[in-house]
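Structural description and commentary
Here's the letter readout for the chains.
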Amino acid sequence: MSLSKGPHCSFVLLAEFDIDSGAQLTYQFPQPLGTDEGLLANLMLPDGAERHFEDWTIFFLNQTPFNTISPVLALETPEPSHDQPNDGESRPELIYVLNLVRTKHDKAARRGAVVKAMAICTRHPFIQIFKPVLLLALDDYFANPSQDCLARLFDAINSMDITAAPELTRCEKLIMRASDRKDIFAEKFAPLKIPDNSPNVSGPHSKLQHKTTSSAGSHSSEDGVLIRSRNPYNDGARERSTTESSTTSSNQQQPNNTSPSDSSFSLGGSAVWVGDDSVTLDSQVGVAIGGGPGSVTSGNGTLGSRGRRSTDASSSSSQHGAYSGAIPTTSDPHLRSGLSKDTHFFQTTIAYKGHQLPIKLPLATFPEEVGDYSLIQLIQTFSTPLVTISGPLHPHLHTNGSLTHPIIILFNALVTGKRIIFLGHNIPAGQVANYVLSACALGSGCGVVLRGFIERAFPYAGLAGGEDWVTTPAYIAGVTNPIFETSGSWDLLMDIGTGRVVVSKDIHISFPPTITPPAIVPLVSRTGTIRAEGSGATEEEIARIATRDGKESNQKSDFAAKPDSLDNLFIEDLISAITSRFGETLVRMRFAEYVARFVRLASRYEEVAAGSTKLGFPSAPFVDGSLGSGVVFPDEAAAFKELAANASRIEGWRRSKSYQYSTIDFQKYQATNAIRGFDLLHQLSRLRLVKNPPDAEVELIIRTIAENVQSYEQIVELLAYMPPPPHAGGLQPLGFCLFHQQESVREATLDIFNELRAHPVGVIFLQELNHFQRYAYVRQAHARESRLKEGSSQLMPPMPFASRTPSNRSEVSLGRF
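Residues numbered from 1 in each chain as written. Predicted model: local features only at pLDDT ≥ 70, side-chain atom pairs only at ≥ 80, totals over all residues. Heavy atoms only, no water.

The protein chain is annotated in an unreviewed UniProt entry as UDENN domain-containing protein of Paxillus involutus ATCC 200175.

Laid out in structure tokens, this is it:
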């Protein structure tokens, strides 16, 4: 939903535990919700709450008929959700409830304790931002129990001002969550007023420009600076002296006489330092590709820490539309006051009883991401040597037989629509709820790829209303009462406390193995990694494959387990990254890629099985004059192996609601994407993964991208598929094309980079290129500008080559210095 749509807080609830009558809902503000009060009270006061001093729980409303609200005064009429693409169904908008329950020991009270809980109902999935004010409000209620406390909390939250918060598109969110730069999309915040005496500048973002002092003031060491000054402690006096002594001589130099190894180039108003010291800024409004401390500006050019001057080619910059505003960062003395120290968040405050509570509003959250979940915690809990897996093997779940990792079993259960319970006996309900939220994020690719998990998730579920959520298809529930384990109304149980992963003994009755289409059977048989389900296996035969404790029988070929399967290698890489203290961002990025790959595999599977697909572009190889499309494999053998390993869970997923949503979303994205007419991800994957692709294909890929990346929206969409380091290679696949043997490939790559340079987010990505690629770009761009200065409007014809040769054979890449 839009950040500014509707109130931040829809309702405030207060529940208390009465010794005689149990959990009671005391207050509903500003009006009754119109749903079962006993259900709300029991959700707010979870089982075993009296054993913990304080606990947070999370639950949702408007999921099922039993918990759908119906306000008596109709002030909060439920509206259809606008968060997700239209799926043809009209349902009330999901409401997230953050609840705080606290136990205070009081000898004067019966049983020696008082238990109260306060909850807020909001439409925002980032519910964790309201924890500080909810803590104060519950303290306030304990001190002075009255409805006025609820009214103060309601008014305080709804008075939070986020009108200036930028609303990012899907692609902008993908870029932001993949970038560690704390100034990413800084231009999206409140525009900076330019003084009247500021020089006139041009470009699409001229209103965001500010006067630059030095590169040290514009790029701090924590903002992604790659090239450092050899002496970062140069004092200002020494630099000013160097500037004054070299200004006269440097002004007499001509750009064509300056070697690219000894200077930077002003590309469209942006001075780009490519030496060993630093990246400098233009004297008025520069953008550095790189960045570093220790450089100053002169009147007519830019001086690095060694006093070298950049060439001034700004006269031709207007032809390239280059971004000419400096990227504001956290260390910039001219930084706009409204800009957050970290642009991944919008900083605001909530005023409550004289306290100004700082709030960091995350800007890159998707609807399937609720709360402050942790994939690292989920992976670590079920990756220890103490974890045990029991129950029969099932093709939907055990894609690598008995060696299927518990996290992969969980993912398979999520996407194939199994009923999942997270059990946390004697564990605070808030911790159990976090595992449920993490599982939803895992299945959806952190909200980026799939959806439909949150709507059937019950982060905390108790005995009250149990008959309602238990009957929900494919539910994902968190419970603290062990009685649910014996109920048998689940397909997969994940025991948080003991590390047990249990598959229901009746899994084959509830979910008979699906029939693999005949077209897939040869692929399955060829690899020998999985039984062809269409070969007539009965339930009894499958039951004989595995016993209750999960041990394989002698028919190992039916569920062959390979230690080096792709899924096992994926999990091993993640565990290694976590051990090496890589953060949550990298883990989320990897799972988003994993789920996206799964969907593209399913698209190829559909083509083989049914002849067409609703999930993605049809698979096609490159032919002369026509680009390829579909998922990319290293070779055909790898394609057969991967399709066979995923066949069963793809068949299971195709029967789920998540699959239906995915087909709808693909059609919507096709209609709204900025880049249309070809499979962009396929082309980038070809550049990344394929060894020695045909020159004709590379040329067509680069030329097609250059022709279709002209607007800001198209640039953002391109960058969304190219996460920057350290999580991925960023622009490196395109950067290598600067060294291609064909002149046309290098020229088209130069066109793409020049378009990127016209926008601040593109400049940030260019900064992430390695030294060689940045140098090649600067050198070739300088050569082009030099030709334009000399009045040459036609590109020099490429030299004929009999075989692959270095790019420096051409005059364009060498330049005429």
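1. Things to note about helix H9 (residues 429-444)
In plain terms, the rule: Strands are runs of DSSP state E lasting at least 2 residues, helices are runs of H or I lasting at least 4, and numbering of each runs from the N terminus. Expected helix span is taken as 1.5 Å per residue step, with the number of steps being one fewer than the number of residues. Exposure is judged per residue with a 1.4 Å probe applied to protein chains only, and the accessible area is read against the type maximum: over 50% gives exposed, under 20% gives buried, and values in between give partly exposed.
Here H9 is 16 residues long and its end C-alpha atoms lie 23 Å apart, about the 22 Å a rise of 1.5 Å per residue gives. Most of H9 sits out of view: 14 of its 16 residues are buried. Phi for Gly-445, located one or two positions after H9, is positive at around 70°.

2. Things to note about the sheet that holds strand S5 (residues 113-122)
Our working rule: In this scheme, strands are said to pair when DSSP sees at least two bridges between them. Angles shown run from 0 to 180 degrees and are taken between the N-to-C directions of axes, each axis being a line fitted to C-alpha atoms and, for helices, limited to the stretch in contact. Whether two residues touch is decided by their heavy atoms; if any such pair falls within 4.5 Å, the residues are in contact.
Judged by pairing direction, the sheet is antiparallel, and its 5 strands sit side by side in the order S2-S1-S5-S4-S3 without closing on themselves. Whereas interior strands pair on both sides, the edge strands pair on one side only; in this sheet they are strand S2 (22-29) and strand S3 (54-61). Each strand axis lies, on average, 20° off the axis of its neighbour in the sheet, ignoring direction. As judged from the 10 bridges shared by strand S4 (residues 95-105) and S5, these two strands associate in the antiparallel manner. Looking at S5, one finds that His-105 is bridged to Ala-113. Its contacts with the sheet put helix H1 (residues 37-44) on strand S1 (11-18), S2, S3, S4 and S5, and the angle it makes with S2 is roughly 105°.

3. Focus on the pairing of S4
For S4, the buried fraction is high: 9 of the 11 residues fall into the buried class. Pairing analysis gives 8 bridges linking S3 to S4, with the strands arranged antiparallel. Bridge assignment links Ile-58 to a residue of S4, and that residue is Leu-98.

4. A few points about the side chain of Lys-116
Turning to its location among the elements, Lys-116 is positioned in strand S5. When neighbours within four sequence positions are excluded, Lys-116 is seen to be in contact with Ala-15, Glu-16, Leu-45, Leu-100, Val-101, Arg-102, Leu-138, Tyr-141 and Phe-142.

5. Looking at unusual backbone geometry
Here the bond from Phe-29 into Pro-30 is cis, since omega is 5°, no more than 30 degrees from zero. Along the chain, Pro-30 falls in the loop between S2 and H1. Of note in this structure, Cys-446 is not a glycine but carries a positive phi near 60°. Along the chain, the position of Cys-446 falls in the loop between H9 and strand S14 (457-458).

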